[in-house]
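What the coordinates show
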Amino acid sequence: MKDRRDRLKKLVHVQEQLKAVHEMNRAGHLFRARQAEEEARDIAARFDQADSLSDLFPELYHRRVGQATARQRESDGMARDEAGRIAMAIARTNMVERAYREAARLVERDDEDKERLEIVERSLRKGS
């Protein structure tokens, strides 16, 4: 039973690490989405400036804004996917933690039973 408890304890640790990886991935996707959004906003703002080359290359400005917006949508979608993975990792971690606590309780109960049995055996030996 102690082996199971120890394996479950290690598994809880692994699940927590996996959740942290998904959280870092999500943060990276959100960061890239914000960067793309800012880039699209900056390009659009430059389009209207008097010293811009938007009169000569309007399709270039529009294409760059479109590409930045597409990157933003892609990164936002990937962040949503990672949020789902985080939720799954949390659920798995909670499930393994419950199993670990139950295994720990059983080990503790077995240890207490053994201790009581030893006390009874000692008292029987002394009484003989």
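You'll find the structure just up there.
Rules of the game
- Residues numbered from 1 in each chain as written.
- Predicted model: local features only at pLDDT ≥ 70, side-chain atom pairs only at ≥ 80, totals over all residues.
- Heavy atoms only, no water.
- Helix = DSSP H or I, 4+ residues; strand = E, 2+ residues; numbered from the N terminus.
- Rg over C-alpha atoms; globule rule 2.2 N^0.38 Å.
- Buried < 20%, exposed > 50% of the residue type's maximum accessible area, 1.4 Å probe, protein only.
- Areas by Shrake-Rupley, 256 points an atom, 1.4 Å probe, with all protein chains shown as cover.
- Patch = residues over 30% accessible without salt bridge, like charges linked within 9 Å, V, L, I, M, F, W, Y side chains within 5 Å.
- Salt bridge = Lys/Arg side-chain N within 4 Å of Asp/Glu carboxyl O.
- Lys, Arg positive; Asp, Glu negative; His and termini not counted.
- Charge placed at Lys NZ, Arg CZ, Asp CG, Glu CD.
- Contact = heavy atoms within 4.5 Å.

Within the protein chain, the regular secondary structure consists of two helices and zero strands. A compact globule built from 128 residues should have a C-alpha radius of gyration of about 14 Å, whereas the protein chain, at 30 Å, is more than 25% larger. Viewed in the frame of its principal axes, the protein chain has a C-alpha envelope of about 110 × 20 × 15 Å. The buried share among the 128 residues of the protein chain stands at 20%. In the structure as shown, the protein chain presents an accessible area of about 9,600 Å², 54% of it carried by carbon and sulfur atoms.

Tracing the backbone shows valine 14 in helix α1 (residues 2–47). For valine 14, a relative accessible area of 44% gives the class partly exposed. The spatial distance from the C-alpha of valine 14 to the C-alpha of threonine 93 is 8.8 Å, given a sequence separation of 79 residues.

This next bit is on a nonpolar patch on the surface. Taken together, the side chains of Leu53, Leu56, Phe57 and Leu60 make up a nonpolar region of the molecular surface, amounting to roughly 380 Å² of accessible area. Position of phenylalanine 57 relative to the elements: it lies in the loop between α1 and α2 (58–127).

Our focus in this paragraph is a negative patch on the surface. A surface patch of negative charge is lined by Glu108, Glu112, Glu115, Glu118 and Glu121. Examined against the element boundaries, glutamate 121 turns out to sit in helix α2.

The next thing to look at is the side chain of glutamine 15. Relative to the helices and strands, glutamine 15 is located in helix α1. Classification of glutamine 15 by relative accessible area gives buried; the value is 10%. With sequence-adjacent residues up to four places away left out, glutamine 15 is seen in contact with Ala89, Arg92 and Thr93.

Limitation: the analysis is restricted to geometry and does not speak to function.
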